[in-house]
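For reference, the chains in residue letters:
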Amino acid sequence: MADLLIELFSEEIPARMQARAGEDLKKRMTDGLVEAGLTYAGAHALTTPRRLTLAIEGLLDHSPTVREERKGPKVGAPDKAIEGFLRGAGLSRDQLEERDTPKGAVYFAIIEKPGRPAAEIIAEVLEGTIRNFPWPKSMRWGAGSLRWVRPLHSILCVLTREDGSEVVPLDIDGIKSGDATWGHRFMAPARISVTSFEDYAAKLKRAFVVLDPKEREAAIWQDATNQAFASGLEVVDDKGLLAEVAGLVEWPVVLMGSIDAEFLDLPPEVLQTSMKEHQKFFSVKNPKTGRIEKFITVANRETADNGATILAGNQKVLSARLADAKFFWENDLRIAKSEVGMEGWLESLGNVTFHNKLGTQAARIDRIAALAREIAPIVGADADLAEQAAKVAKADLSSEMVYEFPELQGLMGRYYAEAAGLPQEVANACQLHYSPLGPSDEVPTEPVSVAVALADKIDTLTGFWAIDEKPTGSKDPYALRRAALGVIRLVLENGVRVALAGVFTQGYEGADESDLLSFFHDRLKVFLRDQGIRHDVIDACIAMEGNDDLTLLVKRARALEAFMSSEDGENLLQGFKRANNILSQAEEKDGVEYSYGADKKFIEDAAEAALFDALAANEGAISSAIEAEDFAAAMGGMAALRAPVDAFFEAVQVNSDNQVVRRNRLNLLSQIRKVCGQVADLSRIEG
């Protein structure tokens, strides 16, 4: 057994590509080695800005000898067939074996592939991996043909056994493999020779390189939070930024700097976004006031002045950035507070195309405002406020701040609406009407925000349905699945009772409401499956009348799921399916519909009479419960049918020789189907 160490050392790899590249290196190498017959015990990949590292433990020293047997043509077959078989097997005719089979004598080829040394296989697989590496973007340099994300400087490839280590020989466009790497670019740039992964990791650590990105993340976060805590502050959590910064440094040195006082009154989101997007700084806030007061930057080296020069340079650049943000903020506030207010921004949106078939943003805003007014009474919102909020909700798209930082749209709208003196419900809707943006995003609950959020998403959906730009397969360029899920969550989590098909008719003209509702049902299935509700239970409820009232539909589905999970539900389902199958077969055979109800005077068996009485007793109760939308009570009524249905099928033969009795029993089965069918279409439930 041997251990393998590979390092591909290059110029700086973009942080966003490092994790995927490490996994690609691991997968391509291990897949290639296993395919060639070299199994291993374990493998792990590590990355820094300048290196991709792979360590494989417990690798076989040689691939095993493989003996393959191939069946060929019959003895006496045409020469061309035999020659073709020989070419494929790489053998001569005298190396073939003749064997008797039930179909006569047949040629067999025995192909033996001897095992190969690990180093030979590693060199082949590694060269193929490097030459065909799936970088999102790559480049060529010099005169070679090799493409890499940045110029590749060296290849370290060392095979280690108990008796020592060896370099796996490899030469790719003049880059020869070796046992050498280099430490930190500035703090320890000297060449380092290594013999194993343990030796490699230890020497790099001494050369100011933290090899594990998770270790770099942990060190950055711990040092940053400690420095902030010492000043009575806290670091704003941002896992994405933490991972990115850890991919920018090999030896993280955390420094905390101050923000100039003239910028402290900027909205905290503006400070945070500007520092993150432009400088990759962490924001440090005062937990008592919520203000961003300091920043954390991560240097890639230690300095004699403990980072003072680095901090001074960063603060200078930051001040210039924040001066721009302050200018945008003050200019936008001046417009929002002016006599024209946010309405002034709306005029410019008349020149902004939303979609070439759906018109401008201004036209879309008019549609959303009209739809929000219609939806307002349904969600308990004031219609005037809903319309007003819809008209200004997207006005901030014309603001300078949102032009600079598009991710602040909505949030800046709230700030500007407040500055313009608009009602708080309107200001809140400006921020919240985009929500929810995903399955874990918070759902608005204020009626005005709910009305505008629904109008925004329904206009989008009906518009794209009208121009036949629907999602196909995995492609959804306009995020229509997300918009539908947003509508579903807004409706369900706010308990909104609305027939969506009717609302769709008030959206963009020309949308196929039936097809759009089917799309919603598909998204609802995905949403409810994640909550443990079976797809067939949902289908059974979708088949019922009023399936465009999602709140009612989900209420029914949850009650049915609970019932079907019980013993009564499982057994009643079997009884229902048996009754439905017998009835369907009889109706097809007889060419009539048995739906007139059974007559008690034709009943011959006690079990038959008990079922008749149970159906009569519970039908009205189940109907009343469903009308009152008390599905739990309806399921209770269904449970009461389980025993008499079971007893009926145990004791009674439906297809009696007496045709009058047979018809009466079939009508009794029809009554079972009718009563159970009030709850859901049980024929759609599996089992």
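The present account deals with the structure reproduced in this document. Values in this document were obtained by computation on a predicted structure and should not be read as measured data. (Residues numbered from 1 in each chain as written. Predicted model: local features only at pLDDT ≥ 70, side-chain atom pairs only at ≥ 80, totals over all residues. Heavy atoms only, no water.)

**Things to note about helix H8 (residues 308-337)**
Look at H8: 41 Å from first C-alpha to last across 30 residues, which is about the 44 Å you get at 1.5 Å a residue. Within H8 the residues assigned to the buried category are Leu-311, Asn-314, Leu-318, Ser-319, Leu-322, Ala-325, Phe-328, Trp-329, Asn-331, Asp-332, Leu-333 and Ala-336. If you follow the buried residues of H8, they end up packed against strand E14 (253-258), helix H7 (268-279), strand E16 (292-299), helix H9 (343-348), helix H12 (400-404) and helix H13 (411-419). (Helix = DSSP H or I, 4+ residues; strand = E, 2+ residues; numbered from the N terminus. Expected span 1.5 Å × (residues − 1). Buried < 20%, exposed > 50% of the residue type's maximum accessible area, 1.4 Å probe, protein only. Contact = heavy atoms within 4.5 Å.)

**Regarding the sheet that holds strand E6 (residues 104-113)**
Across the sheet, three strands lie side by side as E4-E6-E5; this open sheet has antiparallel pairing. The strands lining the two open edges of the sheet, one partner per strand, are strand E4 (66-74) and strand E5 (97-101). Across the sheet, the mean angle separating the axes of adjacent strands is 35 degrees when strand polarity is ignored. Bridge analysis of E5 against E6 gives five bridges, and the strand direction is antiparallel. Bridge pairing in E6 places Glu-97 opposite Phe-108. (Pairing = 2+ DSSP bridges. Axes fitted to C-alpha atoms, helices over the stretch in contact; angles between N-to-C directions.)

**Observations regarding the environment of Leu-152**
Structurally, Leu-152 can be placed in strand E7 (residues 152-161). Judged by relative accessible area, which is 4%, Leu-152 ranks as buried. Once the C-alpha coordinates of Leu-152 and Ser-10 are considered, the two residues, 142 residues apart in sequence, prove to be 4.2 Å apart. Dropping the residues within four chain positions of it, Leu-152 is found in contact with Leu-8, Phe-9, Ser-10, Ile-130, Trp-141, Leu-146 and Ile-175.

**A word on the packing of aromatic side chains**
Enumeration over the complete set of coordinates arrives at 16 aromatic pairs. Here the aromatic rings of Trp-345 and Tyr-416 are separated by 5.2 Å at their centres, their planes lie at 55 degrees, and the arrangement is tilted. Within this pair, whereas Trp-345 is found in helix H9, its partner Tyr-416 is found in helix H13, the two being separated by 71 residues in sequence. For the pair formed by Trp-345 and Tyr-416, the shared burial category is buried. Lying across the ring of Phe-354, Arg-364 places its NZ or CZ 4.4 Å from the centre. (Phe/Tyr/Trp six-rings, centres within 6.5 Å; stacked < 30°, edge-to-face > 60°. Lys NZ or Arg CZ within 6 Å of the ring centre and 35° of its normal.)

**A word on helix H15 (residues 447-466)**
Helix length check: H15 (20 residues) gives 28 Å between terminal C-alpha atoms against 28 Å at 1.5 Å per residue, within 8%. Of all 20 residues in H15, 18 are buried; the element is thus mostly enclosed. Positive phi appears at Asp-468, one or two residues downstream of H15, with a value of about 60 degrees.

**Focus: the environment of Val-210**
Looking at where Val-210 falls in the secondary structure, it is placed in the loop between helix H4 (197-206) and helix H5 (213-230). Since its relative accessible area comes to 9%, Val-210 is described here as buried. Separated by 17 residues in sequence, Val-210 and Ser-193 have C-alpha atoms that sit 17 Å apart. Those residues in contact with Val-210 that sit more than four places away from it in its chain are Thr-48, Lys-205, Glu-215, Arg-216, Glu-250, Trp-251 and Pro-252.

**So, empty space enclosed by the protein**
Within the structure shown, the criterion is met by four cavities of 30 Å³ or more. By volume, the largest cavity amounts to about 60 Å³. Lining the largest cavity we find Ile-375, Ile-378, Val-379, Leu-454, Ile-458, Val-487, Val-491, Val-496, Val-498, Leu-500 and Val-503. Counting residues per element, the ones that place at least two in the lining of the largest cavity are helix H10 (361-379), H15, helix H16 (480-493) and helix H17 (500-504). Per-element tally for the lining of the largest cavity: the top contributor is H10, with three residues. Within this model, the second largest cavity holds a volume of roughly 40 Å³. Lining the second largest cavity, in full, are Val-236, Asp-238, Leu-241, Gln-272, Lys-276, Phe-281, Phe-282 and Ser-283. The set of elements that each furnish at least two residues to the lining of the second largest cavity consists of H7 and strand E15 (282-285). Of the residues that constitute the lining of the second largest cavity, the class distribution is four nonpolar, two polar and two charged. (1 Å grid on protein atoms, 1.4 Å probe; cavity = no way out; pocket = protein on both sides within 12 Å on 5 of 7 lines; lining within 4 Å. Points joined across faces, edges and corners; volume = space filled by probe spheres on them. Nonpolar A, V, L, I, M, F, W, Y, C, P; charged D, E, K, R; others polar.)

Geometric descriptors of this kind do not, in isolation, establish any biological role.
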